[in-house]
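# Architecture and fold: a report
Chain residues, written in single-letter form:
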Amino acid sequence: MRDDTSLERYARQVVLPEIGPAGQDKLARARVLIVGAGGLGSPAAFYLAAAGVGTLGIADADVVEVENLQRQILHRLPAVGRPKTASAAATLGEFNPGVRIVEHPVRVSPGNALEILASYDIVVDAADNLATKYLLNDACFFLDRPLVHGAVLRFEGQLLTVIPRRTPCFRCLFPAAPPAELSPPARVAGILGTVPGVIGALQANEAVKLVVGAGEPAGGRLILFDALATRFREVRVARNPRCPLCGENPTIREPGTM
């Protein structure tokens with residue numbers, strides 16, 4: 001913790017023995033990247049900034065649109081037309097000036113993923129497409145960075161934390177992308193705005209636990225949330241020995257191979 005203001009701001013979590021002053025110092029030194037400044041990235045960014053993560057990277061190539069505002073709570077109406085990274089940086093800077101926000105106003109791609117992710121300790125997958133999710137999974141594996149995966153559609157969400165070489169990876173669970181008709185985009189299938197709020201908050205929770213070393217990460221456990229039933233369920237996931245990335249005979253040599 002840096003000063004008396006920080007002590008007061010973070011008092012409610014510093015008093016937790018699982019965090020304490022040492023944990024708060026770890027948060028202040030932590031570097032977390034959020035890929036996607038949309039429905040999932042918005043609550044994740046707010047709660048990580050609120051927790052006092054020292055450096056928060058935001059990667060997104062899109063601009064704010066009116067239809068985003070139903071669920072992407074980082075952005076305000078005056079920000080429509082602005083890059084999402086700039087909008088997020090302005091909001092978070094006002095929310096907690098003690099957090100350094102690094103903008104990456106680009107689409108994370110096979111050509112830049114390793115370079116961008118290498119500067120961070122933990123990656124939060126708040127992307128809205130499967131190609132990016134596979135790419136982040138692979139890049140984190142090669143860089144040995146924990147990945148907190150989240151996904152949402154309609155009234156449902158899911159969460160999985162991947163710790164390379166220790167837990168099953170995203171490809172262990174989904175070896176190949178499902179057919180397009182089984183995973184329609186949100187603009188077609190729809191999404192309830194509170195669902196990414198729930199999953200994004202859980203992603204921030206996972207990242208905080210990983211930083212301070214508290215609790216049990218959701219590794220090897222796919223957490224499923226059903227908003228209509230207000231119900232969580234858990235599916236155990238085992239490492240796949242035939243996984244093309246982390247299995248016994250890997251075939252993927254660079255990030256993003258589909």
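Heads up: these notes are all about the structure in this document. (Residues numbered from 1 in each chain as written. Predicted model: local features only at pLDDT ≥ 70, side-chain atom pairs only at ≥ 80, totals over all residues. Heavy atoms only, no water.)

### Some words on the overall build of the chain
Along its length, the chain carries 10 helices and 8 strands. Taken over the C-alpha trace, the chain has a radius of gyration of 18 Å; the compact-globule value for 258 residues is 18 Å, and the two agree within 12%. Overall size of the chain, expressed as C-alpha extent along the three principal axes, is 50 × 40 × 40 Å. The burial tally for the chain puts 51% of its 258 residues in the buried class. If you take every contact in the chain between residues at least 6 apart in sequence, the share linking residues at least 24 apart comes to 67%. With the model as given, the accessible surface of the chain reaches about 12300 Å², and the carbon-plus-sulfur share is 54%. Charge separation in the chain, taken as the distance between the mean sites of 27 positive and 25 negative side-chain charges, equals 3 Å. (Helix = DSSP H or I, 4+ residues; strand = E, 2+ residues; numbered from the N terminus. Rg over C-alpha atoms; globule rule 2.2 N^0.38 Å. Buried < 20%, exposed > 50% of the residue type's maximum accessible area, 1.4 Å probe, protein only. Contact = heavy atoms within 4.5 Å. Areas by Shrake-Rupley, 256 points an atom, 1.4 Å probe, with all protein chains shown as cover. Lys, Arg positive; Asp, Glu negative; His and termini not counted. Charge placed at Lys NZ, Arg CZ, Asp CG, Glu CD.)

### Description of empty space enclosed by the protein
To find the voids left in a structure, one rolls a probe of water-molecule size over its atoms. With the rule as written, the count across this model stands at 1 cavity of 30 Å³ or more. The wall of the largest cavity is formed by N137, C140, F141, L147, V162, P164, R165, T167, C169 and C246. The element contributing the most residues to the lining of the largest cavity is helix 7 (residues 130–143), with 3 residues. Across the lining of the largest cavity, the residue classes break down as 7 nonpolar, 2 polar and 1 charged. (1 Å grid on protein atoms, 1.4 Å probe; cavity = no way out; pocket = protein on both sides within 12 Å on 5 of 7 lines; lining within 4 Å. Points joined across faces, edges and corners; volume = space filled by probe spheres on them. Nonpolar A, V, L, I, M, F, W, Y, C, P; charged D, E, K, R; others polar.)

### As for the side chain of D125
Of note, D125 is situated in strand 4 (residues 122–125). Its relative accessible area of 1% is what places D125 among the buried residues. The contacts of D125, once residues within four sequence positions are left out, are V35, L40, K133, L136, L147, V148, H149, G150 and Q203.

### Quick word on the pairing of strand 7 (residues 221–226)
With 5 of its 6 residues buried, strand 7 lies for the most part within the structure. Taken together, the 6 bridges between strand 7 and strand 8 (residues 231–236) define a ladder with antiparallel strand orientation. Looking at strand 8, one finds that R221 is bridged to R236. With antiparallel pairing between neighbouring strands as the criterion, strand 7 and strand 8 make up a hairpin whose turn holds 4 residues, including T230 at a positive phi of roughly 45 degrees. (Pairing = 2+ DSSP bridges.)

### Observations regarding the packing of aromatic side chains
Note on aromatic pairs: each is described by the distance of the centres and the angle between the planes. The final tally for this structure, using the stated rule, is 5 aromatic pairs. Both rings, one in F170 and one in F174, keep their centres 5.2 Å apart while their planes meet at 55 degrees; by these two values the pair is tilted. Taken together, the ring pairs connect Y134, F170 and F174 into an aromatic cluster. Across the ring face of Y120, the terminal group of R31 is positioned such that the distance to the ring centre comes to 5.1 Å. Above the face of the F141 ring, R165 is positioned so that its terminal group lies 4.1 Å from the ring centre. (Phe/Tyr/Trp six-rings, centres within 6.5 Å; stacked < 30°, edge-to-face > 60°. Lys NZ or Arg CZ within 6 Å of the ring centre and 35° of its normal.)

### Digging into a nonpolar patch on the surface
Together, V66, L77 and V80 line one region of the surface with nonpolar side chains, adding up to about 270 Å² of accessible area. Positionally, V66 belongs in the loop between strand 2 (55–59) and helix 5 (84–95). (Patch = residues over 30% accessible without salt bridge, like charges linked within 9 Å, V, L, I, M, F, W, Y side chains within 5 Å. Salt bridge = Lys/Arg side-chain N within 4 Å of Asp/Glu carboxyl O.)

### A closer look at the pairing of strand 2
Burial of strand 2 is extensive: 5 of the 5 residues sit out of reach of the surface. In terms of strand pairing, strand 1 (residues 31–35) meets strand 2 through 5 bridges, oriented parallel. Bridged to V32 within strand 2 is L56. A crossover connection joins strand 1 to the parallel strand 2 through helix 4 (residues 41–51); in handedness this β-α-β unit is right-handed. Here strand 2 runs beside strand 3 (residues 100–104); their pairing, made up of 5 bridges, is parallel. Bridging across to strand 3, T55 finds its partner in R100. (Right-handed = clockwise from strand over helix to strand, strands pointing away.)

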